[in-house]
Structure formats: structure tokens, C-alpha cells
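One letter stands for each residue in the lines below.
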Amino acid sequence: MTQDNKQINSHIEAYLDYYCSLSHAPGFAILLKGEWGCGKTWFIKNYLKSSKENNHKFLYVSLYGMASFSEIEDAFFQQLHPVLSSKGMAVTGKIFKGFLKGALKIDLTNDGKDDGTWTIGIPEIDIPDYLKGTDKRILIFDDLERCKIDIGNLLGYINYFVEHQDLKVIIIANEDEILNQDSSNSSKGYRAIKEKLIGKTFGISLYFEGALENFITGVNNADVSKFLSDNTKLIEDLYQKAEYENLRNLKQIVLDFERIFEVLPDKAKSKPEILQDLLKLLMAFSIEIKRGMMLPKDISKLEDEYKSLIRKQVHSRQEYNLSTKENNQEETKLEKILGKYPDLNLHEPFPSKIWWQIFFDKGILDTQKLEESLSNSKYFQDENTPNWVRLWHFSYLNDDEFENLLKKVELEYAERHFLELGIIKHITGLFLIFSEAELYQKNKEDILEESKLYIDYLKDNNKLDIPENHYISADDYILESYAGLGYQGKELREFKEFSSYIKKVRDSANVENMPGAAQDLLAIMQNDVWKFSHMICISNLPEQIYYEIPILKYIEPFVFVEKFIVMKFDDRRCVGWALTKRYEFDDINEKLSEELTWLKSVRDLLLNEANSKKGKVSGHSLKLMTERYLNKAIEKLEVKGTGLK
């Protein structure tokens, strides 16, 4: 794909000019063939536009999905009679076509006899009468291989226009697909009928530059259009590197890039480096997903594949070089993808692996994560950037910068400047990988112990970062990333042990804080009963903090009952409903089994209160509450959960 490609299909255009300008139909059709996505349709439609200057008149139909000749004829009729084909003239058009209907038998075998099984209707648009004379139209049948009509019947139908109506016909098809599907050697098969019908065959070559220019013209955002126009060489080079010839996917890439550009912060739109990196990543992932080499979920696996490749090269370099052929045969699809794009950080893509995975899997653009990643990315490094963030991008540092930053971060770490667990995990991971690469003097065991001491310090000084819901970490710092940056060294044993230690300490701290949290929950029950129900029951709402945490056992039963009985009737009913809903799921009930004793105590206290008010409506109401809600909740927790009685 070079600039010379502008002339790559010029010989086809020249012949079509000759064919279309003939004063008499030559008695054969033209076949334009090419693989799916190579730009056949784009080529012919552009040719039609340019041919208007020569006063050629065409009728174009895409055969994609068509299952009958009447559908083809309807498509022609709509072009010939747009007024009669309009919604308001549907009845008149139908009557008009009815007058033109007839029947025809075609001799497909050239034996002078009618082949009765090939009886078809004369086109309802009456092409024979309409196109007699000097104003004959040129028929174009696109997507031949995607038509549902039998290929033999279809070509016989097209042959009628060529042989009996003296019309010029251009057929566009992926011939390889037809030949792969056609196993018949009969005269009704594609090969035999093609020999009679097709006079000239041309292979459409990928016209990359023209197609890209056309796609860019269709972009609405002027800034996107200019950027893409300025970077056509980048796009072409990556397409060459990918060894991919599919213009349909190129059009999708252009549209997807426009979507991404629209949600970028203004500060990012003005940085060509960011835009170029995003475009290259978008192209590489799009191409490999479209061609079936990977799935969106495989984006998250590329990092492990990359590290596996590095280990092969570092630890077995000599063996690897001596057995290149054998290793290539064993190369996985993802390894091949990484090898194809060595200049792209596919294993650590910006903004993140998960961001791209969600984009390709669900079409979602996570603007919050995108902006967060930008702030800590290599693109916005300055004197105000935290030292640990700059150290995270160590690959872009020279030796002196690295040494100075490492000392600064080590000092800040020793002086306990950091309170966020995500940052502490980042620094620990960096220290570990530097130690493994012999860039840091401390060994990994010492780094691990110092990191545990850091967590102990935070806990002992009540500085431990505990989210409101410790089961759902908004910043994913118990998982793989924090502040838009993936953890370095997360595959190391010491890092995994450190992550487990953080969870253990946080869980312990949560238990210690639970009595206070339980009192807060009780206050919420009195002031906002629906929020209380959302907090203790599973749902899709962010308030579902305690749906699998046995927090109710930390509320004194008599205090709960005391607050409960003075609530309004509707609010008491809402609380009762929430208690039954809380214990609906067996797997969650296993975690809530510690609340069984509490539930029974609350029920007994409510029954005592109801008995003390026997004969009064308030007592009767409390009794109904226990039967309808408390007993049901207890039954669910006993039978479905733990089997306790």
C-alpha cells in the first residue's frame, strides 16, 4: 500500500469506460472479484459517481440476503419509479407492476430446448420495453455470493438481461467464497454458467489511500478529520504491519476513533502523542479481534504473555535462538500478536487493559477511568507529578533520573508520607521488580516485611484506608490497579502475599469498627428506612454495603426493638420486608449465619412486647409483624443457610 496504489485499479476503470461506452452491448457481462472487505463496493460506487460525467445510466442492486427475483425487481423498480415506489403511492405502484408482469423460460443449457425448471417471471419493472433504444441502462449486481437464490438460477436470471435484452451487466462478487461453496460440476453450477455469461474478469486490488480519504471525509468532527488526514501514513504503515486488507474494518476504526476523541479531555486533544498512541492501539486491537486472532477478554492476558516471552528470551536465549523454527510452531496466537506490533505497548495499553476490553466487549467508553489514567500517564509528567508516579514510568527515565527518583520515593516511604493503600501497593511492587532486576539493593523478603510494617503502622495509628464497603474497592487496589495505573510486579509471590496481608488487616479493622458502624446503621433505620433496606439487602445500588456482612449482630436486640416499636407502621413494615429479603440467597446466608441468634432474640422481645399489649391494636400489629417477617427470616436462615436449629 503506497502512493502508487492510486493507480492500482486504473486499468479496470479504463476497461469499464470502454465497456460502458460501446454503442452495442457485447453480449457478455463483466465480473469484478475480490476478497471480502477489499473495497469492491467502494470501488464501483466511486466509479458510478465519476461516470455521471459520461452520461452513463446505471441500475445498482445489492443482492445481500435477497431470496427471490421479485426482491431484485423491486429494487430496480424503486430506482426507475421513485414516485410510484414511495409510501403514499404503494397501491398505484403495485397496480402498475401488475400490468407489466409476464413469464419467461430460459434455455440455460444451450440445447435449443426450454428448461422448464427454470421458469421465472419477467422483471415486473418491464426492463425489456423500458430499456430498448439508445438510453439503455447498465445493470450492476453486487454481493453475488451473499444472495440466497441458488447461484445457478441467479446467473441464469442475469444472463437473460445480457443475452435477450442486450444490456450491459457488471457483477461484483467474492468468487473464492462461491467456488468453495459450489461442489457441482453440472452446467447449472457456477463454473459452467460463468463461462457462458462472463466475458472479462478483473480482480479488485485494495485501494487503501482512496478508501481512507473517503472515510475521513465522512467524519463529522473537523479536528478528528484533520488529525486523521495528517496521520494517514501512520495508519497505512500499521495496516501494512498487520498484513490486513479489509476496508470495512478501516471504516469502523475511523468511526470508533471519532467516538473516543469526543470524550477525551481538552488537554488530551491537543497532544498528538496521545492521539497517535490511542489510534495505534485502537487499530491493532480492532484488526486482531476482527480477524479472529483474539477476543476482547484476551486483552487482559497480553501482559502475562509478554512477560512469558521476556522470560523465554532472558533465561533460555541460546536455546531459543537455536530452535527458532520449533518455537515459532509452538507460538500462541497472543504471542504472535505481540511479535507483530513490537513498538506498541499492547501488554500495558493506555488508558488500561480493562478500559479497552470493556470498549470492545460492550462498546462502553469509561470517561472517568480515561481522565484518571491521563492524570497519571507519561503524557502529563511535570514538576507537580508525584515522585512515585514518575518512578512508575521508569522506562522513560535516564539513569540519573531513575537513581534520584528512587531515593526520593524510598525516603518518602520510610517517613510514612503515603496513606492510600493503592499507592503503598504501587511502591511495594516497584521495589520488588527493581530488586528482581538488581536495580535496588534490598532483597524481596526485606521489602515484603517492611511493607507489612507500614500497614501495621497505619492500623495502629487509625490511618488505615478502609472504604465504606470493603468488599467493593472503587479503585481496585485489592485487584490489579490504582489511580489508572496497573500494579508492577503483581505476578510476584511477595506481592501476592502483601496483598493478602492488606486484606487480612483491613478485615480485622472492619470487625473492630463494626459496633460503631452498627450504631450508625440503627440511626439510618430511624431516619431513612429505605436507605436502611438498601444497605442490608443485595441489589444493584451502591448502598448495598452490608448485604453479606453480619452487622446486625452488633446491635443490641433490646435497643433495636426499642427503636423499632416507636416507628410508623409503614416504616416498621419496610424494615420487616428488608429482613426477609436479606436472607433470600443460600450462599449469602452462609456468611450471615451469625445473625440467627440475634434474629431470634429480636423476635422473642417483640412477642413479649405484643403480649404485654394483648387486646390492643398495637399488640396485634406487633404479633403480625413477627409472624409475617421475623419468623420467615429465621426460617430462611435456618433451612436455606446453615441448617442450624
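Residues numbered from 1 in each chain as written. Predicted model: local features only at pLDDT ≥ 70, side-chain atom pairs only at ≥ 80, totals over all residues. Heavy atoms only, no water.

Q: So what's going on with the overall build of the protein chain? Which residues, and what values?
A: Each helix and strand counted, the protein chain has 31 helices and 9 strands in total. A burial count over the protein chain gives 47% of its 645 residues as buried. For the protein chain, the proportion of contacts with a sequence separation of at least 24, taken over those separated by at least 6, is 73%. A total of about 33000 Å² of accessible surface is found on the protein chain, and carbon and sulfur atoms cover 48% of it. (Helix = DSSP H or I, 4+ residues; strand = E, 2+ residues; numbered from the N terminus. Buried < 20%, exposed > 50% of the residue type's maximum accessible area, 1.4 Å probe, protein only. Contact = heavy atoms within 4.5 Å. Areas by Shrake-Rupley, 256 points an atom, 1.4 Å probe, with all protein chains shown as cover.)

Q: Go over the packing of aromatic side chains, please, and point to the residues and values.
A: Scanning the model with the defined rule gives 28 aromatic pairs in all. An angle of 90° between the planes, with centres 5.2 Å apart, marks the rings of Y157 and F161 as edge-to-face. Here the residue Y157 and the residue F161 both occupy positions in helix 6 (residues 151-163), the gap between them amounting to 4 residues, near one helical turn. When its relative accessible area of 1% is taken as the criterion, Y157 is described as buried. On the basis of an interplanar angle of 5° and a centroid distance of 6.0 Å, the ring pair of W355 and F359 is categorised as stacked. On the criterion of helical spacing, the pair formed by W355 and F359 is a turn pair, its members being 4 residues apart in helix 19 (residues 353-362). The buried category is assigned to W355, whose relative accessible area is 4%. (Phe/Tyr/Trp six-rings, centres within 6.5 Å; stacked < 30°, edge-to-face > 60°.)

Q: Run through the sheet that holds strand 7 (residues 198-203), naming residues and quoting values.
A: Taking strand neighbours across the sheet as the criterion, the 5 strands line up as 2-5-6-1-7 in an open arrangement whose pairing is parallel. Every other strand in the sheet has two partners, leaving strand 2 (58-62) and strand 7 as the edge strands with one partner each. Across the sheet, the mean angle separating the axes of adjacent strands is 15° when strand polarity is ignored. As defined by bridge partners, strand 2 adjoins strand 5 (residues 138-142) across 5 bridges and the pair is classed as parallel. (Pairing = 2+ DSSP bridges. Axes fitted to C-alpha atoms, helices over the stretch in contact; angles between N-to-C directions.)

Q: Which residues make up the pattern of salt bridges, and what are the values?
A: In total, this model carries 29 salt bridges according to the counting rule given. The residue D343 makes a salt bridge to K241 at a minimum N-O spacing of 3.5 Å. Within this pair, whereas D343 is found in the loop between helix 18 (333-340) and helix 19, its partner K241 is found in helix 11 (residues 232-242), the two being separated by 102 residues in sequence. One salt-bridge network, held together by shared partners, links E445, K452, R493, E494 and E497. (Salt bridge = Lys/Arg side-chain N within 4 Å of Asp/Glu carboxyl O.)

Q: So what about unusual backbone geometry? Which residues, and what values?
A: Apart from glycine, the bulk of residues carry a negative phi angle, and the bulk of peptide bonds sit in the trans form. With an omega of 5°, the peptide bond between F350 and P351 qualifies as cis. Counting through the fold element by element, P351 comes out in the loop between helix 18 and helix 19. Unlike most non-glycine residues, D143 shows phi in positive territory, near 60°. According to the relative accessible area criterion, D143 is buried, its value standing at 10%.

Q: Help me get a handle on the side chain of K168, residues and values and all.
A: As for its placement among the helices and strands, K168 is situated in strand 6 (residues 168-173). Of note is the side chain of K168, whose polar atom sits 3.4 Å from the backbone oxygen of Y19. Those residues in contact with K168 that sit more than four places away from it in its chain are Y19, C20, S21, L22, H24, A25, P26, R137, I138 and L139. (Polar contact = N/O pair within 3.5 Å; in protein donor to acceptor, adjacent residues only side chain to side chain.)

Q: I'd love a proper account of the side chain of K452, names of residues and values included.
A: Within the element layout of this structure, K452 appears in helix 24 (residues 444-460). When its relative accessible area of 14% is taken as the criterion, K452 is described as buried. A polar contact of 2.8 Å, which involves the side chain of K452, links it to the side chain of E497. Discounting chain neighbours no more than four positions away, the residues touching K452 are E497, F498 and Y501.

Q: Give me the lowdown on the state of the cysteines, citing residues and values where you can.
A: This structure, assessed with the given rule, holds 0 disulfides. Counting only cysteine sulfurs, C574 is the nearest neighbor of C537, a cysteine outside any disulfide, at a range of 8.8 Å. For C537, a relative accessible area of 4% puts it in the buried group. (Disulfide = S-S within 2.5 Å.)

Q: I'd like a description of the packing of helix 10 (residues 222-230) against helix 12 (residues 247-263), backed by residues and values.
A: Running from N to C, helix 10 and helix 12 point in directions that differ by 125°, and their axes come no closer than 10 Å. Between helix 10 and helix 12, the crossing angle belongs to the class labelled oblique. Considering the relative orientation of helix 10 and helix 12, their crossing is right-handed. Taken together, the residues of helix 12 that come into contact with helix 10 (itself represented by D223, V224, F227 and L228) are V254, F257, E258 and F261. The residue makeup of the contact of helix 10 with helix 12, split by class, is 6 nonpolar, no polar and 2 charged. (Parallel < 35°, antiparallel > 145°, perpendicular 65-115°, else oblique. Left-handed = near helix turned anticlockwise from the far one by under 90°. Nonpolar A, V, L, I, M, F, W, Y, C, P; charged D, E, K, R; others polar.)

Q: Can you explain the nonpolar core? Please cite residues and give values.
A: Ranked by size, the top nonpolar core spans 55 residues in total, and within it L228, I235, L279, Y341, L346 and W356 carry the most contacts. Broken down by element, the residue count for this core peaks at 10 residues, all from helix 14 (residues 272-290). Once residues within four sequence positions are removed from consideration, Y341 is found in contact with L238, K241, A242, A284, I287, E288 and L346. In terms of nonpolar packing, the next biggest core, distinct from the first, is built from 44 residues, M525, Y546, F560 and V602 among them. (Core = buried A, V, L, I, M, F, W, Y, C linked by side-chain atoms within 4.5 Å.)

Q: How would you explain the confidence of the model for the protein chain if you had to name every residue and give the values?
A: Mean pLDDT for the protein chain: 81, with 82% of residues reaching 70 or above. Within the model, the stretch residues 1-5 combines pLDDT values under 50 with 13 contacts to residues more than four positions away or in other chains. A low-confidence stretch, residues 468-478 (pLDDT under 50), is modelled with 29 contacts involving residues beyond four sequence positions or located in other chains. (pLDDT = per-residue confidence, 0-100.)

Q: Could you give an account of the environment of S68, with specific residues and numbers?
A: Mapping S68 onto the fold places it in the loop between strand 2 and helix 3 (69-80). Between the alpha carbons of S68 and I149 there is a distance of 6.3 Å; along the sequence they are 81 residues apart. A polar atom in the side chain of S68 sits 2.9 Å from the side chain of S70.

Q: Residue-level account of helix 6, with values.
A: Here helix 6 spans 18 Å end to end across 13 residues, near enough to the 18 Å set by a 1.5 Å rise per residue. Taken together, the buried positions of helix 6 are I151, G152, L154, L155, G156, Y157, I158, N159, Y160, F161 and V162. Where helix 6 starts, the residue carrying a side-chain oxygen 3.0 Å from the main-chain nitrogen of G152 turns out to be D150. (Expected span 1.5 Å × (residues − 1).)

Q: Provide a residue-level description of helix 10, including the pertinent values.
A: Looking only at helix 10, the buried set comprises V224, S225, F227 and L228. Here the buried residues of helix 10 occupy an arc of 165° about the axis, which is enough to place them on one side. The outward face of helix 10, more than 90 degrees from its buried face, is lined by the exposed residues A222, D223, K226 and D230. In this fold, the buried residues of helix 10 make contact with helix 9 (208-217), helix 11, helix 12 and helix 14. Capping of helix 10 at its N-terminal end is provided by N221; its side-chain oxygen lies 2.8 Å from the backbone amide nitrogen of D223. (Arc of directions from axis to C-beta.)

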